[in-house]
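Listed here are the chains, written in short residue letters.
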Amino acid sequence: MISCKLEQLGERLALVLDEDAVQALNVHVGDVLHLEPTPQGALQVVERETWAEDTHARGRAFLKRYRRTFEQLS
């Protein structure tokens, strides 16, 4: 069994994965995991996005997150 820990980072929660979980999920820092609940109440990974797959993904994510701020400033 692999255990993970939730930590408070500002106003958000972060799921901290140990080395076994990182290897089992084949993930890297910056990856985005899309989780979906199963009928049994567990979570399963339905999609994994890596920043390396899309070189402009960080820029789009930044612009999406701060779009309203940019609109108010202009």
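A brief look at the structure comes next. (Residues numbered from 1 in each chain as written. Predicted model: local features only at pLDDT ≥ 70, side-chain atom pairs only at ≥ 80, totals over all residues. Heavy atoms only, no water.)

Remarks on the packing of aromatic side chains
The final tally for this structure, using the stated rule, is two aromatic pairs. For the pair Phe62 and Tyr66, a centre-to-centre distance of 5.0 Å together with 50 degrees between the ring planes defines the contact as tilted. With Phe62 and Tyr66 both in helix H2 (residues 57-73), this residue pair falls four residues apart, about one helical turn. On the basis of relative accessibility, which here comes to 44%, the residue Phe62 falls in the partly exposed class. Assessed through its relative accessible area of 31%, Tyr66 is described here as partly exposed. Ring centres 5.9 Å apart and planes at 55 degrees place the aromatic pair Phe62 and Phe70 in the tilted group. Assessed through its relative accessible area of 38%, Phe70 is described here as partly exposed. Each residue in the set Phe62, Tyr66 and Phe70 is aromatic and connected to the rest through ring pairs, giving one cluster. (Phe/Tyr/Trp six-rings, centres within 6.5 Å; stacked < 30°, edge-to-face > 60°. Helix = DSSP H or I, 4+ residues; strand = E, 2+ residues; numbered from the N terminus. Buried < 20%, exposed > 50% of the residue type's maximum accessible area, 1.4 Å probe, protein only.)

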